[in-house]
Every structure is written in C-alpha cells, then in structure tokens.
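# Structure assessment
Okay, here's what each chain looks like letter by letter:
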Amino acid sequence: MSEHAPHEGDLVEVRRAVYRPLRRGNALEDTVARLVQTIRLGVVAPGESLPPERELAASFGVSRDTVREAIRELADTGYLLPRRGRYGGTFVADPLPQPATRRAVTPEEVDDVLGLRCVLETGAVRAAASRSLDAPTRADLWARHEAALPAGPEEYRRLDTLLHLAIAEAAGIPSLVALVAENRADVNEFLDTFPLMPRNIQHSGEQHERIVAAILAGRADAAEAAMRDHLAGSEALLRGFLA
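Okay, so let's go over this structure.

The rules we used
- Residues numbered from 1 in each chain as written.
- Predicted model: local features only at pLDDT ≥ 70, side-chain atom pairs only at ≥ 80, totals over all residues.
- Heavy atoms only, no water.
- Helix = DSSP H or I, 4+ residues; strand = E, 2+ residues; numbered from the N terminus.
- Rg over C-alpha atoms; globule rule 2.2 N^0.38 Å.
- Buried < 20%, exposed > 50% of the residue type's maximum accessible area, 1.4 Å probe, protein only.
- Patch = residues over 30% accessible without salt bridge, like charges linked within 9 Å, V, L, I, M, F, W, Y side chains within 5 Å.
- Areas by Shrake-Rupley, 256 points an atom, 1.4 Å probe, with all protein chains shown as cover.
- Salt bridge = Lys/Arg side-chain N within 4 Å of Asp/Glu carboxyl O.
- Lys, Arg positive; Asp, Glu negative; His and termini not counted.
- Charge placed at Lys NZ, Arg CZ, Asp CG, Glu CD.
- Core = buried A, V, L, I, M, F, W, Y, C linked by side-chain atoms within 4.5 Å.
- Contact = heavy atoms within 4.5 Å.
- Arc of directions from axis to C-beta.
- Phe/Tyr/Trp six-rings, centres within 6.5 Å; stacked < 30°, edge-to-face > 60°.
- Lys NZ or Arg CZ within 6 Å of the ring centre and 35° of its normal.
- Pairing = 2+ DSSP bridges.
- Axes fitted to C-alpha atoms, helices over the stretch in contact; angles between N-to-C directions.
- Parallel < 35°, antiparallel > 145°, perpendicular 65-115°, else oblique.
- Left-handed = near helix turned anticlockwise from the far one by under 90°.
- Nonpolar A, V, L, I, M, F, W, Y, C, P; charged D, E, K, R; others polar.

### Looking at the overall build of the chain
- When its secondary structure is counted, the chain shows 10 helices and 2 strands.
- Taken against the 2.2 N^0.38 rule, which gives 18 Å for 243 residues, the C-alpha radius of gyration of the chain at 18 Å falls within 12% of a compact globule.
- A principal-axis box enclosing the C-alpha atoms of the chain has dimensions of 50 × 40 × 35 Å.
- Across the 243 residues that make up the chain, the buried fraction comes to 45%.

### Topic: a negative patch on the surface
- A cluster of acidic residues, Glu29, Glu69, Glu73 and Asp76, forms a negative patch at the surface.
- Element by element, the count of residues in the negative patch is highest for helix α4 (residues 64-76), at 3 residues.
- Relative to the helices and strands, glutamate 69 is located in helix α4.

### Considerations on the nonpolar core
- Core analysis: the largest hydrophobic core is formed by 57 residues, its most contacted members being Tyr19, Leu35, Leu141, Ile167 and Ile215.
- Residue contributions to this core peak at 7 residues, all from helix α7 (residues 153-170).
- Among all residues touching isoleucine 215, those that are not within four sequence positions of it are Val125, Ala128, Ala129, Leu133, Leu141, Ile167 and Ala223.

### What about helix α3 (residues 53-60)?
- For α3, the complete set of buried residues consists of Leu56, Ala57 and Phe60. In a view along the axis of α3, the buried residues occupy a sector of 100°, so they form one face of it. Exposed positions of α3 whose direction lies more than 90 degrees from the buried face are Arg54 and Ala58.
- Residues of α3 that are buried sit in contact with α1 (12-18), α2 (27-41) and α4.

### Thoughts on the packing of aromatic side chains
- Scanning all chains against the criterion turns up 1 aromatic pair.
- Where tyrosine 19 meets phenylalanine 60, the ring centres are 6.2 Å apart and the plane angle is 35°; that geometry is what we call tilted. Of this pair, tyrosine 19 sits in the loop between α1 and α2 while phenylalanine 60 sits in helix α3, and the two are 41 residues apart along the sequence.
- A cation over an aromatic ring shows up here: arginine 83 above the ring of phenylalanine 91, its NZ or CZ 4.2 Å from the ring centre.

### Looking at the pairing of strand β2 (residues 89-92)
- The pairing of strand β1 (residues 80-83) with β2 spans 4 bridges and is classified as antiparallel. Along β2, the bridge assignment pairs leucine 80 with valine 92.

### Examining the packing of helix α9 (residues 198-216) against helix α10 (residues 220-242)
- Relative to each other, α9 and α10 sit at 160°, their axes nearing to 8 Å. Taken together, α9 and α10 sit at an angle that is classed as roughly antiparallel. In terms of crossing hand, the pair formed by α9 and α10 is left-handed. Within the contact between the two elements, α9 uses Asn200, Ser204, Gln207, His208, Arg210, Ile211, Ala214 and Ile215 and α10 uses Ala222, Ala223, Ala226, Met227, Asp229, His230 and Leu237.
- The residue makeup of the contact of α9 with α10, split by class, is 8 nonpolar, 5 polar and 2 charged.

### So, the pattern of salt bridges
- Applying the stated rule across the entire model yields 17 salt bridges.
- Across the salt bridge formed by aspartate 65 and arginine 68, the nearest N and O atoms sit 2.9 Å from each other. Separated by 3 residues within a single helix, aspartate 65 and arginine 68 lie in helix α4, roughly one turn from each other.
- Judged by relative accessible area, which is 54%, aspartate 65 ranks as exposed.
- Aspartate 229 is paired through a salt bridge with arginine 210; the nearest N and O atoms lie 3.8 Å apart. A residue pair is termed long-range when its members are at least 10 positions apart, and aspartate 229 in helix α10 and arginine 210 in helix α9 qualify at 19 residues.
- Each of Glu53, Arg64, Asp65 and Arg68 takes part in salt bridges that share partners, so that together they form one network.

Have a look at this one:
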C-alpha cells in the first residue's frame with residue numbers, strides 16, 4: 001500500500017463539498033468564506049493555483065464578477081497571488097500570512113466546535129470501517145497516513161487535515177463530507193493559535209496508524225475507540241492553549 005502516492009484528485013467528495021453552490025444571501029462574503037475554507041483545509045496547498053474563475057463561479061453558483069471580487073479581497077490581505085501570462089492564475093500564498101492578532105474565542109464556541117467534531121468524526125470512522133472499501137480507497141487511506149509521517153511543522157497540519165477528510169469520504173456519505181470539511185476549517189483556526197510540537201506530531205502519527213489499520217481491518221469498534229483517543233488528545237491541547 002505504501003507504493004500508492006496520495007493525489008489531491010483522489011478526494012473527490014471533499015472537492016465537491018468545498019466547491020458546491022453557496023446558500024442564497026451575501027454572495028461576496030460567502031464566496032470569500034468558501035475560498036478561505038479551501039485554503040484552511042489544504043484542498044489547495046500554498047503555492048498551488050485555484051481552479052479558474054469560470055469554474056469557481058459555476059461551482060459556487062455566483063457570477064464571475066463576484067468570484068473576481070472575492071479573489072481581489074483575499075489578494076489584498078495576502079492570501080492569494082494573481083499572476084498574469086501563459087502560466088498565470090490565482091495562487092495560494094506561500095507562506096500564508098499570519099495575523100498579528102487573533103480573535104477571542106469563547107469557551108462556548110470551543111465546546112460547540114469540538115463537540116460537533118467528536119460526533120462527526122467518530123461517526124465517519126465507524127461508517128468507513130463498516131463498509132467494504134475498494135482497493136483505491138484502501139490504498140489512498142494508508143498513503144495519506146504515510147505521507148503525514150515524515151512531515152515537518154509547516155506541512156503536517158495540511159496533510160493531517162487531508163487524512164481526516166479522506167476518512168470522512170471513505171464513509172460513503174457525501175453530506176457528511178461537507179459537514180466534516182466545515183467543522184475541520186473551524187478546528188484548524190483553533191489549531192493555528194499554537195505551534196506544532198515534534199512529539200505531538202509523532203504521537204498523532206501513531207494514533208493515525210491505529211485508526212487507519214482498524215478501518216482497513218473492518219473493526220468498527222476499534223476504529224471509533226482509536227479516533228476518540230486521538231480527538232481527546234487534540235482537545236486537551238486546544239483547551240490548554242485557548243484557555
């Protein structure tokens with residue numbers, strides 16, 4: 001399984017969850033928010049390009065003018081870099097800007113985001129372990145786990161996110177993927193408030209291996225228990241830094 005290298009195109013439902021029609025309302029603000037979610041989730045990595053404006057407009061169900069204005073807003077804040085020419089496009093900044101100050105997070109908001117995460121991700125891992133997964137899905141799950149193992153602090157969070165989204169996709173419930181993606185974007189905002197530590201990365205890798213191995217073995221109870229243990233560790237760190 002280690003011979004299968006993960007490819008961003010493998011996360012079909014994740015891309016559908018991110019590039020889906022917006023709700024009717026504030027088109028510009030919602031487009032900006034969805035593009036930021038795309039960046040936070042690592043669906044488009046720093047240095048990579050967004051889909052063309054016409055594709056984003058069609059996916060979001062908004063006008064190209066709205067997409068263009070949203071891109072301009074994010075370019076002004078340093079998140080996106082429009083480039084002209086034959087190899088032009090709209091690229092995610094590398095490195096991403098780090099805000100000088102972060103908004104205050106209330107205990108109630110932390111409870112809500114982490115509580116929802118536990119419900120969604122334990123449900124996702126149980127559903128994934130209960131299914132008969134095809135060979136490409138099985139190979140992709142293990143490859144995403146292995147891709148995150150040697151990653152340093154700069155890359156780990158993105159690869160960790162993509163593994164969790166791949167687990168949600170393996171559950172076979174498209175609507176669940178969208179919910180996990182939205183929740184994970186909120187979680188990543190919290191995670192960005194403190195630095196990654198080498199021991200924490202190593203421990204997460206060990207927990208990921210138990211989770212993925214249980215999924216591939218079809219052991220739903222073990223997969224859920226491993227995920228609960230993993231989420232409890234992340235929650236302890238988050239509450240420690242956000243308190």
